[in-house]
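Here is what each chain is made of, one letter per residue.
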Amino acid sequence: MSSEGAQDAYGGHEGADGATTVHGAVADGWEPVRETFAENFGRRGDVGAAVALYHDGRPVVDLWAGRTGFDGGGPWRRDTVQVVRSAGKGVGAVCLLLLHQRGQLDLDAPVYTYWPEFKAAGKDRVTVRDVLAHRAGVPALDTPLTPQEAVDGVSGPRAVAAQAPLFSVGREHGYHAQTFSWLVGELVLRVSGRSIGRYVAEELAGPLGLDLWMGLPDDQAHRVGRIGPVSTPEPPASGGLRARPKRSVKDAYGDPESLTSRAFAAITPPPDENDPGYRAGELAASGTITTARSLARCYAALLGDVTAEATTEVADGGAGGGLATGVGRRLFDPDTLAAARTMEADGPDRVLVVNTRFGLGFMLHGPASPLLAAGSFGHPGRGGSLGFADPESGIGFAYVTNGLQRNVTADPRAQALARAVRQCLR
């Protein structure tokens, strides 16, 4: 769909922080996404957020609204970027899959082939495929890292290399909430000779024209919003279903000795994700910083050539602009795309204590992580953000937010937007 007929700034909706004006544009036929995005502020507790959508390589939704900080701040502008937490895991997976596509990395080779130190403590049978499928057995660390150690580029890889497996390697899976950063980052470094932040800059962000970083440069710090916890509205006001976690899930998160708690506490004490030093860390699992526009464009580029968003500035810093100019290239060939979303792990997750489904570094559509349809693949970020692709419908989608609600893989705001996308595709 072309950007002709795109609808400009849409406002006047009552939101959680008073009247919230939604800025940006949608192409004809995609108005339900705009309406739902506005409802997220009025009914589902959003404070500052953005949503973007590509359809068959063309941008059809590019919206933003609210404040730059979960606790206030100035208006969210077109160029505001945000920490997306684990939604960055999908970007990390793209890096390893590009290395595989170029013949530099064998997914079925033992990790120690590229990273000899990783062979320690009985991990000689862990493959690169296991790492991407969360079967590597090292979701937690016997000795957690400090926030400073987490981003120094040395302590994290050293710790996971020394760690003994915590469950049966290759046969069970468990979400590597934090350790995924060091596993993927070190493999990219050992194979390519480049840090993952540099690889993202040179192989993804540069060629595709993305505002996307693993390791934020100092000169971009002024653009980043503040993330933090916000209240989670309860139904029926939120327009969603009441989430009642199973007792086993609640108990797992409440027990500091459980594998669940230990996995999320691999960095202890919890890092200040708004700290410039932490933002500079090249952490795929928690430190990717981007716009919804760029994350959606990255997913769209996995499916085919993409049309770039307009890059011209608007006078008020946020309320206008068209949807399309320029062209970008496809990232995945058909074989890599098929492999990325082929199910590698399915069933009880030793960390999340629910049934999860993983492809190669991506979560797959299912009850624990609803995306768009059965063939969708992507990754949520704990607390809200989400990015995914759906090859059958040609969709690249991203939602980013600064207000972190009580969820890990299924945020009601992101799910409402996905439902609106389905409505537009009918």
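What counts, and at which threshold
Residues numbered from 1 in each chain as written. Predicted model: local features only at pLDDT ≥ 70, side-chain atom pairs only at ≥ 80, totals over all residues. Heavy atoms only, no water. Helix = DSSP H or I, 4+ residues; strand = E, 2+ residues; numbered from the N terminus. Buried < 20%, exposed > 50% of the residue type's maximum accessible area, 1.4 Å probe, protein only. Areas by Shrake-Rupley, 256 points an atom, 1.4 Å probe, with all protein chains shown as cover. Axes fitted to C-alpha atoms, helices over the stretch in contact; angles between N-to-C directions. Parallel < 35°, antiparallel > 145°, perpendicular 65-115°, else oblique. Contact = heavy atoms within 4.5 Å. Nonpolar A, V, L, I, M, F, W, Y, C, P; charged D, E, K, R; others polar. 1 Å grid on protein atoms, 1.4 Å probe; cavity = no way out; pocket = protein on both sides within 12 Å on 5 of 7 lines; lining within 4 Å. Points joined across faces, edges and corners; volume = space filled by probe spheres on them. Core = buried A, V, L, I, M, F, W, Y, C linked by side-chain atoms within 4.5 Å. Pairing = 2+ DSSP bridges. Expected span 1.5 Å × (residues − 1). Phe/Tyr/Trp six-rings, centres within 6.5 Å; stacked < 30°, edge-to-face > 60°.

*Asks:* Is there a simple way to think about the overall build of the protein chain in this case?
*Replies:* Along the protein chain, the regular secondary structure elements total 13 helices and 18 strands. Taking all 426 residues of the protein chain together, 59% fall into the buried category. On the protein chain, roughly 15900 Å² of surface is accessible, and the fraction owed to carbon and sulfur atoms is 50%.

*Asks:* When you look at unusual backbone geometry in this model, what are you seeing that I'm missing?
*Replies:* Leaving glycine out, the prevailing phi sign among residues is negative, and the prevailing peptide bond configuration is trans. Residues Thr268 and Pro269 are joined by a peptide bond in cis, for which omega reads 0°. Examined against the element boundaries, Pro269 turns out to sit in the loop between α9 (259–264) and α10 (276–279). Residue Arg85 is not a glycine yet carries a positive backbone phi of 50°. In this model, Ala121 sits at a positive phi of 60°, which is unusual for a non-glycine residue. Secondary-structure assignment places Ala121 in the loop between α2 (89–101) and α3 (128–132). Note on Ala121: relative accessible area 40%, which makes it partly exposed.

*Asks:* Explain the packing of α2 against helix α7 (residues 196–208) here, please?
*Replies:* Any two packed helices are characterised by how steeply their axes cross, that is the angle between the axes, and by the distance between the axes. Contact geometry for α2 and α7: axes closest at 11 Å, N-to-C directions at 75°. If you check the angle between α2 and α7, you find them roughly perpendicular. Contact with α2, carried on its side by Val91, Gly92, Val94, Cys95, Leu98 and Leu99, involves Ile196, Tyr199, Val200 and Leu204 of α7 and no other residues of that element. Of the residues contributing to the contact of α2 with α7, the split by class is nine nonpolar, one polar and no charged.

*Asks:* Explanation requested: the layout of surface pockets in the structure shown.
*Replies:* A water-sized probe, rolled over the atoms, reveals where empty space remains. In this structure, the second largest pocket encloses a volume near 390 Å³. Taken together, 21 residues form the lining of the second largest pocket, with Arg85, Gln178, Phe264, Glu273 and Arg382 sitting closest to its centre. Of the residues contributing to the lining of the second largest pocket, the split by class is eleven nonpolar, six polar and four charged.

*Asks:* Sorry, what's going on with the nonpolar core here?
*Replies:* Among soluble globular proteins, nonpolar side chains are generally buried collectively. Within the largest apolar cluster, 77 residues are counted, with the highest numbers of intra-cluster contacts made by Leu331, Phe332, Phe362 and Phe377. Leu53, Ile395, Phe397 and Ala414 belong to the second largest nonpolar core, which has 29 residues in total.

*Asks:* Hey, could you run me through the sheet that holds strand β6 (residues 82–83) in this one?
*Replies:* Paired through backbone hydrogen bonds, the strands of a sheet run either parallel or antiparallel to each other. Ordered in space as β6-β9-β7, the three strands form an open sheet in which the pairing is antiparallel. Every interior strand has two partners, whereas the edge strands, β6 and β7 (212–214), have only one.

*Asks:* It is not clear to me how the environment of Leu371 should be interpreted in this structure. Could you clarify?
*Replies:* In this structure, Leu371 sits in the loop between β14 (363–364) and β15 (377–380). Judged by relative accessible area, which is 0%, Leu371 ranks as buried. Residues Leu371 and Arg419 lie 48 residues apart in sequence; the distance between their C-alpha atoms is 9.2 Å. Apart from residues lying up to four places away in sequence, Leu371 is in contact with Met363, Leu364, His365, Ser376, Phe377, Gly378, Leu386, Phe388, Gln415, Ala418 and Arg422.

*Asks:* Is there a simple way to think about empty space enclosed by the protein in this case?
*Replies:* For the coordinates displayed, the defined rule picks out four cavities of 30 Å³ or more. Approximately 50 Å³ is the volume attributed to the largest cavity. If you trace the largest cavity, you find it lined by Ala50, Asp62, Leu63, Trp64, Trp76, Arg77, Arg78, Thr80, Thr291, Ala292 and Arg293. Among the secondary structure elements, those contributing two or more residues to the lining of the largest cavity are β4 (58–69) and α11 (292–303). Ranked by residue count, the leading element in the lining of the largest cavity is β4, at three residues. Class assignment for the residues of the lining of the largest cavity results in five nonpolar, two polar and four charged.

*Asks:* Would you explain the environment of Ala65 in this entry?
*Replies:* With respect to the secondary-structure elements, Ala65 resides in strand β4. In this structure Ala65 comes out as buried when scored by relative accessible area, which is 0%. Note: C-alpha distance between Ala65 and Gly48 (17 residues apart in sequence) is 5.8 Å. Apart from residues no more than four positions distant in its own chain, Ala65 is found in contact with Thr20, Thr21, Val22, Phe37, Phe41, Val47, Gly48, Ala49 and Trp76.

*Asks:* Please clarify how the pairing of strand β12 (residues 345–348) should be interpreted in this entry.
*Replies:* When a strand is regular, its side chains alternate between the sheet's two faces. For β12 and strand β13 (residues 355–358), the ladder comprises four bridges, and the chain directions are antiparallel. Residue pairing in the sheet places Pro348 in a bridge with Asn355 of β13. Counted between consecutive antiparallel strands, the loop separating β12 from β13 contains six residues, among which Val353 sits at a positive phi close to 60°.

*Asks:* Hey, could you run me through α11 in this one?
*Replies:* Residues lying three or four places apart along an α-helix face the same way, a consequence of the helix completing one turn every 3.6 residues. For α11, with twelve residues, the first-to-last C-alpha span of 17 Å sits near the 16 Å given by 1.5 Å per residue. In terms of burial, α11 is largely enclosed, as twelve of its twelve residues are buried. When α11 is considered as a whole, its buried residues turn out to be Ala292, Arg293, Ser294, Leu295, Ala296, Arg297, Cys298, Tyr299, Ala300, Ala301, Leu302 and Leu303.

*Asks:* What's the story with α2 in this structure? I'm lost.
*Replies:* The end-to-end C-alpha distance of α2, which contains 13 residues, comes to 18 Å, matching closely the 18 Å that a straight helix rising 1.5 Å per residue would cover. Burial analysis of α2 places eleven of its 13 residues in the buried class, the great majority of the element. If you check which residues of α2 are buried, you get Lys89, Gly90, Val91, Gly92, Ala93, Val94, Cys95, Leu96, Leu97, Leu98 and Leu99. Positive phi appears at Gly103, one or two residues downstream of α2, with a value of about 80°.

*Asks:* For this particular structure, what's the right way to read the packing of aromatic side chains?
*Replies:* The relative placement of two aromatic rings is captured by the distance of their centres and the angle of their planes. For the coordinates displayed, the defined rule picks out nine aromatic pairs. Look at Trp115 and Phe118: their rings are 5.1 Å apart centre to centre, the planes differ by 40°, and that puts the pair in the tilted class. Judged by its relative accessible area of 1%, Trp115 is buried. A ring pair is formed by Phe388 and Phe397, whose centres lie 4.7 Å apart and whose planes are at 15°; its orientation type is stacked. The exposure class assigned to Phe388 is buried, which follows from its relative accessible area of 0%.

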